[in-house]
Amino acid sequence: MRIRTGWRYSALGLALILLRIPAGPIGQGPEERFFPETGHTVRGLFLRFFEEHGGLAFLGYPITPALPDPPYQIQCFQFTCLRWDPLAAPEDAVGLLPIAEALGLVTPPLPPSRIPLGRPFRRYVAETGHTVSGMFLAFWLRHGGARGIGNPVTEPFVENGRLVQVFEGMKVTWDPRTRTVRPMNLGEQYARARGLALPAAARLAPSSGRLQVRAILGRPVLGAGQAQRIVVFVTDEGGQPVPEAGVQVRVPGAPPLAMITDLHGMAQGAFPIPAAPSGALVEVQVVASDGVRRGETFTSYRVWP
């Protein structure tokens, strides 16, 4: 599919310019963050979305400035692109740009004979005619579902030896090494296809160091209302324990559990199991930080009466 490379100003976009209405999130406030790794700055509502939705782990580094796409404004990151809609309600003004279709990644919907029925760990999305299941389903739900990364536009498939799935605004893969779902560089692919400015690859600096986080749950299957125990180990990249690191355990439907690691880099605690449909797979996010470095991991349990 051919990608449009020029900027075409709609009547509404021209009206916004003539009326001197602010062009987008850049005019929303003084908040901004410069990323020397790529030489780009994230400002205003784009920065707020970045900080509230996982930052680098979810979006990656910014790879373009904020650009006009009347009546919208967009900014691309490594993993996806954000769009600011001046006509949307404030809580929905910034979201992921649906780039998968523009890149020709949408596949035909499942035929009626393959639509799964009555499977608690696999969800059929009628809007696009595809399913999402397992840890991909947990990732999709954790990041807002259709309103977050969009609906699935493919079934899971193997690419370069990895299991991947494409959603309207993001492409993700299952990483067997870390046993987590993580985004892929679809934002870079879209920016290149549209001829947007990209930094030289050499400007993306290597990580300054991340914490390694390992989490162990007490039981793999529990009922709602029971208590789940969790033990977390935090080490540096060299495998040395990190004492006094802050640990936060996040479970959908429950308040975060905060802990501090001891001299051995270990923290342990318990959290109540929130109500969930019988058979549901619940993803648990564990984030650790020592004030300079950060790391995260995911684990899961099933709810069963």
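The rules behind the values
- Residues numbered from 1 in each chain as written.
- Predicted model: local features only at pLDDT ≥ 70, side-chain atom pairs only at ≥ 80, totals over all residues.
- Heavy atoms only, no water.
- Pairing = 2+ DSSP bridges.
- Helix = DSSP H or I, 4+ residues; strand = E, 2+ residues; numbered from the N terminus.
- Salt bridge = Lys/Arg side-chain N within 4 Å of Asp/Glu carboxyl O.
- Buried < 20%, exposed > 50% of the residue type's maximum accessible area, 1.4 Å probe, protein only.
- Contact = heavy atoms within 4.5 Å.
- Core = buried A, V, L, I, M, F, W, Y, C linked by side-chain atoms within 4.5 Å.
- Axes fitted to C-alpha atoms, helices over the stretch in contact; angles between N-to-C directions.

Section: the pairing of strand β12 (residues 180–183)
Moving on, step 1. Summarising the sheet, strand β11 (residues 171–175) and β12 pair through four bridges and their orientation is antiparallel. Paired with T173 across the strands is R182, a residue of β12.
Moving on, step 2. The turn linking β11 back onto β12 is made up of four residues, and R179 within it adopts a positive phi angle of 55°.

Some thoughts on the pattern of salt bridges
Moving on, step 1. By the definition in use, this model includes 11 salt bridges.
Moving on, step 2. The partner of E32 in a salt bridge is R43, with the nearest N and O atoms 2.9 Å apart. One end of the pair, E32, is in strand β1 (residues 32–35); the other, R43, is in strand β2 (residues 40–43), with 11 residues separating them in the sequence.
Moving on, step 3. Residue R43 is classed as partly exposed on the basis of its relative accessible area of 30%.
Moving on, step 4. One network of salt bridges, with partners in common, ties together R162, D175 and R182.

Quick notes on unusual backbone geometry
Moving on, step 1. That bond from P70 to P71 is cis: its omega, 5°, falls within 30 degrees of zero.
Moving on, step 2. Counting through the fold element by element, P71 comes out in the loop between β3 (67–69) and β4 (72–76).
Moving on, step 3. One non-glycine residue, N160, lies in the positive phi region at around 55°.
Moving on, step 4. Looking at the secondary structure, you find N160 in the loop between β9 (157–159) and β10 (162–166).
Moving on, step 5. With a phi angle near 60°, E244 is a residue other than glycine that sits in the positive phi range.
Moving on, step 6. In this fold, E244 is placed in the loop between β15 (227–235) and β16 (246–250).

Here's the deal with the environment of L137
Moving on, step 1. Of note, L137 is situated in helix α4 (residues 134–142).
Moving on, step 2. Along the primary structure L137 and F121 are separated by 16 residues, whereas in three dimensions their C-alpha atoms are 7.9 Å apart.
Moving on, step 3. Discounting chain neighbours no more than four positions away, the residues touching L137 are F121, R123 and V132.

Some remarks on the environment of N151
Moving on, step 1. Looking at the element boundaries, N151 is found in the loop between α5 (145–148) and β9.
Moving on, step 2. N151 has contacts with V125, E127, T128, W140, A146, F167 and E168, leaving out every residue within four places of it along the chain.

Some thoughts on the nonpolar core
Moving on, step 1. Counting 29 residues, the largest nonpolar core has L82, I149 and M170 as its most contacted members.
Moving on, step 2. Elements that contribute at least two residues to this core include exactly α2 (44–52), α3 (55–59), β5 (81–84), β6 (94–96) and α4.
Moving on, step 3. Dropping the residues within four chain positions of it, L82 is found in contact with F46, F49, L59, Q73, I74, Q75, F77, V94, G95, L96 and L97.

A few points about the sheet that holds β12
Moving on, step 1. Taken in spatial order, the four strands line up as β9-β10-β11-β12 in an open sheet, and their pairing is antiparallel. Two strands in the sheet have a free side with no partner beyond their single neighbour: β9 and β12. Sheet twist, expressed as the average angle between the axes of neighbouring strands with direction ignored, equals 40°.
Moving on, step 2. Two strands pair when backbone bridges link them, and β10 and β11 are joined in this way by three bridges, in the antiparallel orientation. Its bridge partner being in β11, V164 is matched across the sheet by T173.
Moving on, step 3. Where α4 meets the sheet, it contacts β10, β11 and β12, and its direction lies at approximately 130° from that of β11.

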